[in-house]
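# A structural walkthrough
This is what each chain is made of:
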There are 2 protein chains.
Amino acid sequence: MAEKLRSGSMPTLEMVAAEAGVSRATVSRVVNQSPKVSPDVAAVVQAAIEHLNYVPNRAARSLVSRRTQAIAMVVPESAAKVFDDPFFAAVVQGVAQYLEDTDYTLNMIIESGSASHKTRRYLLGGNVDGALVVSHHTGDHSYSELSRNLPVVFGGRPLSDVDGDNYYVDVDNFTGACSAVEHLVASGRTRLATIAGPQDMPPGVDRLSAFHTTLSKHGLTSDLVETGDFSPPSGAEAMRRLLARGEPIDGIFAANDQMAIGAYSAIREAGLSVPGDIAVVGFDDDNYGSTATPPLTTVRQPSIEMGRRMAEKIVALIEKRAVDTVTTLNTELVIRDSA
Amino acid sequence: MAEKLRSGSMPTLEMVAAEAGVSRATVSRVVNQSPKVSPDVAAVVQAAIEHLNYVPNRAARSLVSRRTQAIAMVVPESAAKVFDDPFFAAVVQGVAQYLEDTDYTLNMIIESGSASHKTRRYLLGGNVDGALVVSHHTGDHSYSELSRNLPVVFGGRPLSDVDGDNYYVDVDNFTGACSAVEHLVASGRTRLATIAGPQDMPPGVDRLSAFHTTLSKHGLTSDLVETGDFSPPSGAEAMRRLLARGEPIDGIFAANDQMAIGAYSAIREAGLSVPGDIAVVGFDDDNYGSTATPPLTTVRQPSIEMGRRMAEKIVALIEKRAVDTVTTLNTELVIRDSA
DNA sequence: GTGAAAGCGCTAACAG
DNA sequence: CTGTTAGCGCTTTCAC
């Protein structure tokens, strides 16, 4: 058997076994922390492992165990989106961070189209033990059906939870938006308007309904709402339309920071100032708002934490431990200079 | 042999072979596009594959072929960095985009410390066929030694290419910075200053030397240089120091957009305007600059392309095809309203 | 507790 | 061109 031990390449289980003077089975047990190995033998094996600098071969292990120890993260490309939206980077970071302490690997898949055939094949082809799919504002759950065959955790509430049992972690958009509007009225603004997000996206509708709810809670009301697509230019456009209505406005709640920044320019174009004439509050707390002039008051969304929770949930799911179907994260109002 | 065909789970090569009435070897050949299979047999096999919805088992394949078809992407966490720097997201996107058309998978590894032991083990443990490491401004090549045992491609020129033969793709920082300064003098600014990046990072030194070179090319000179760490606050600080010198300044070249944005605030604090009193040009073209007021004139860095090229290079390296050691990408001056 | 033996699904000589 | 024959490195009954 000794002659079977090749010298080049990586050390194998067999080499460790030889070195430690035990069988491969025993080494395997030690590696997998099996309880039924006598402490002394385990020690010897452990020493051999360290000595040889042995690292188990993932492919071989996964071939027999039927588990890949890999988790896919699917993010929609939407061309510019991934690039322009700091949110994704943060979520990925959170996921990677959590996974670092586990034996799982993160496989990134940036989707060109929506739910391509190729990606499906990959996910269903036994390449990963589970999948994470993020869509930020869109609520796109075109991967919903996958969950019948593979553990899947979504980032963001699904637009319509048809299957009814999708696992996801989301941010409490409603409460967060309430705190934003609350802040506006608390600082004496009474003629409020809002730049809403698309009404076919969960965060879009939640943040808008929070606007109305909070207003009426204070005996106020407003029909000054214009919709944007979450991009800076769309925010500027919406603001111009709002201003064009000719009604007085002293406070704006934008459904996200990018649109709030867009609103800044429209407000300045009109010769008005922030927050002098119009106070502005955004949502997300990304670098668009934090580096703007004046720094934007906004609602912080715990993106990294969202990634962590998603990772935590998918791992639990894979390992068949009990998990909540949905996890909702709290937001935090960050008061800066715009309101 | 027929009784060996289990019905549950995923279809195997053997099942396809049975269905097509050929040997497993033949199926394998078809799957791997081997030229030596008669067209008609190939067709039958192909049909069986489609019929059974067969997808080759990666683990089994990689176990025997000794290739994982996976490529790792290592990015330094640097806590806030990944989160705040749009550059990383863009590179990752480029990499993923290129890899989408290949059989390779992208494994993301976000580094906590610098070059942790755990990551090394992972990379050297045969989990991936190659690695991509990005460090943006830092030029950190603490993974250099890895390249002796694993194909590695770096993003950004190494600080000191000790081993002399590291593969990397970089942006032409010098030429890009020259075009920025050139633009400043072309628009009539003569009292130029620069906010340089750290002088222990390649982009920091290249962009600064370009400043001096371009100036002298026009018979100008300037000792108005202050250094920042590429973050917005550091840019503001540097600008304040510059202004505090009391010498007249009518143009600023900031080594990156984030610092340029920081400079904006310092300039305004001083009661000056952009570009009225001081023209500002940045470098990178990220969303910090594009959404600022006024929109920042800057040097666009092809981040996505950089990712694509890195991916292309690593794949070529893995497949032992000839590749250039270094690839340098051109930049492009984006003229907006700040200069 | 520990070892022996039997594969996991696939590729790669080697014959025919 | 196609089938046969060996394993790749590891886990896992099943005996001892």
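My aim in this report is to walk through the structure given alongside it, one point at a time. Because the structure is a prediction, the values reported are computed rather than measured.

Calculation notes
- Residues numbered from 1 in each chain as written.
- Chains lettered and ligands numbered in written order.
- Predicted model: local features only at pLDDT ≥ 70, side-chain atom pairs only at ≥ 80, totals over all residues.
- Heavy atoms only, no water.
- Helix = DSSP H or I, 4+ residues; strand = E, 2+ residues; numbered from the N terminus.
- Expected span 1.5 Å × (residues − 1).
- Buried < 20%, exposed > 50% of the residue type's maximum accessible area, 1.4 Å probe, protein only.
- Salt bridge = Lys/Arg side-chain N within 4 Å of Asp/Glu carboxyl O.
- Core = buried A, V, L, I, M, F, W, Y, C linked by side-chain atoms within 4.5 Å.
- Contact = heavy atoms within 4.5 Å.
- Pairing = 2+ DSSP bridges.

### Some details on helix α11 (residues 257-269) of chain A
Residues and elements named next belong to chain A. Taking 1.5 Å as the rise per residue, α11 with 13 residues should run 18 Å; its terminal C-alpha atoms sit 19 Å apart, in good agreement. Among the 13 residues in α11, 10 count as buried, and that is most of the element. Where α11 is concerned, the buried positions are Asp257, Gln258, Met259, Ala260, Ile261, Gly262, Ala263, Tyr264, Ala266 and Ile267. Phi turns positive one or two residues past the end of α11, at glycine 271, with a value near 75°.

### Quick word on the pattern of salt bridges
Counted by the stated rule, this structure contains 30 salt bridges over all chains. The shortest N-O distance in the salt bridge between arginine 241 of chain A and glutamate 226 of chain A comes to 2.7 Å. With arginine 241 of chain A in helix α10 (residues 232-244) and glutamate 226 of chain A in strand β7 (residues 225-227), the pair connects residues that are 15 residues apart, well separated along the chain. Assessed through its relative accessible area of 33%, arginine 241 of chain A is described here as partly exposed. For glutamate 226 of chain A, a relative accessible area of 15% gives the class buried. Across the pair glutamate 226 of chain B and arginine 245 of chain B runs a salt bridge, and its minimum N-O distance is 3.0 Å. With glutamate 226 of chain B in strand β7 (residues 225-227) and arginine 245 of chain B in the loop between α10 (232-244) and β8 (251-254), this residue pair connects regions lying 19 residues apart in the sequence.

### Remarks on the nonpolar core
Judged by nonpolar contacts, the single largest core of 54 residues is most densely connected at Met73 of chain A together with Met73 of chain B. Residue contacts for methionine 73 of chain A: discarding those within four places in its chain leaves Val91, Val92, Val95, Leu106, Asn107, Met108, Ile109, Leu132 and Val134 of chain A.

### Quick look at the pairing of strand β2 (residues 105-111) of chain B
Most of β2 of chain B sits out of view: 7 of its 7 residues are buried. With burial as the criterion, each face of β2 of chain B is covered, one bearing Thr105, Asn107, Ile109 and Glu111 of chain B and the other bearing Leu106, Met108 and Ile110 of chain B. For strand β2 (residues 105-111) of chain A and β2 of chain B, the ladder comprises 3 bridges, and the chain directions are antiparallel. Residue pairing in the sheet places leucine 106 of chain A in a bridge with methionine 108 of chain B of β2 of chain B. Relative to β2 of chain B, strand β1 (residues 70-76) of chain B runs parallel, the two sharing 7 bridges. Residue pairing in the sheet places valine 74 of chain B in a bridge with isoleucine 109 of chain B of β2 of chain B.

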